[in-house]
Amino acid sequence: MVYFICGPHPNTTDNMIESLYEDDSILVRAAIATNPNTPADIIYKYANESIFGMQEAISDNPSITTALLQSLSKDINDYGQTTDIARKALRHLNRRSNI
């Protein structure tokens, strides 16, 4: 239970994030992916995983880099259609450009 609380909490330390990021639980990993203190190298590792829902969790991280958002914004499904992840990434990019 503590993992689900610590993972997304903004006061979670780097040491705790480092110890949790390879956890077997997708829920723990998704919580770490959304944490604004998660180091960029971990976010990029998660971005390259083919675990369902991980890219969406990453796109919810307020500290995600613009480059990674741009990459996610190009996501398409097997039918060549823009995915929900891509649309979400585009919304975040638009918000950043309007600031």
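### Topic: the overall build of the chain
Stage number 1. Secondary structure assignment for the chain yields 7 helices and 0 strands.
Stage number 2. Start at the N end of the chain and walk to the C end: the helices and strands fall as α-α-α-α-α-α-α.
Stage number 3. Compactness check: the chain gives a C-alpha radius of gyration of 14 Å against a globular reference of 13 Å for 99 residues, within 12% of the reference.
Stage number 4. Its C-alpha atoms give the chain principal-axis dimensions of roughly 40 × 35 × 20 Å.
Stage number 5. Burial statistics for the chain: of 99 residues in total, 35% are counted as buried.
Stage number 6. Within the chain, counting contacts between residues at least 6 apart in sequence, those at least 24 apart form 44% of the total.
Stage number 7. Accessible surface for the chain amounts to roughly 6,200 Å². Of this, 53% is attributable to carbon and sulfur atoms.

### Here we look at the packing of aromatic side chains
Within a pair of aromatic rings, the relevant descriptors are the distance that separates the centres and the angle that separates the planes.
Stage number 1. One pass over the structure, following the stated rule, counts 1 aromatic pair.
Stage number 2. On the numbers, 6.4 Å between centres and 55° between planes, the contact of Tyr21 with Tyr46 is tilted. One end of the pair, Tyr21, is in the loop between helix H2 (14–20) and helix H3 (26–34); the other, Tyr46, is in helix H4 (residues 40–47), with 25 residues separating them in the sequence.

### What to know about the environment of Tyr44
Stage number 1. You can see Tyr44 is positioned in helix H4.
Stage number 2. Between the alpha carbons of Tyr44 and Ile64 there is a distance of 9.4 Å; along the sequence they are 20 residues apart.

### So, the nonpolar core
Stage number 1. If you look at the biggest cluster of nonpolar residues, it comprises 20 residues, and the most contacted ones within it are Ile32, Ala33, Tyr46, Ile58, Ile64, Leu68 and Leu72.
Stage number 2. No other element matches the 4 residues that H4 contributes to this core.
Stage number 3. Residue contacts for Ala33: discarding those within four places in its chain leaves Ile43, Tyr46, Met54, Ala57, Ile58 and Asn61.

### Remarks on H4
Stage number 1. Turning to H4, its buried residues are Ile42, Ile43, Tyr46 and Ala47. An end-on view of H4 places all buried positions within 140° of arc, on one side of the element.

### Things to note about the confidence of the model for the chain
Stage number 1. Residues at a pLDDT of 70 or more form 91% of the chain, whose mean pLDDT is 85.
Stage number 2. Across the chain, element-level confidence peaks in helix H6 (residues 66–72) with a mean pLDDT of 93 and bottoms out in helix H1 (residues 2–6) with 53.

Criteria and cut-off values
- Residues numbered from 1 in each chain as written.
- Predicted model: local features only at pLDDT ≥ 70, side-chain atom pairs only at ≥ 80, totals over all residues.
- Heavy atoms only, no water.
- Helix = DSSP H or I, 4+ residues; strand = E, 2+ residues; numbered from the N terminus.
- Rg over C-alpha atoms; globule rule 2.2 N^0.38 Å.
- Buried < 20%, exposed > 50% of the residue type's maximum accessible area, 1.4 Å probe, protein only.
- Contact = heavy atoms within 4.5 Å.
- Areas by Shrake-Rupley, 256 points an atom, 1.4 Å probe, with all protein chains shown as cover.
- Phe/Tyr/Trp six-rings, centres within 6.5 Å; stacked < 30°, edge-to-face > 60°.
- Core = buried A, V, L, I, M, F, W, Y, C linked by side-chain atoms within 4.5 Å.
- Arc of directions from axis to C-beta.
- pLDDT = per-residue confidence, 0-100.

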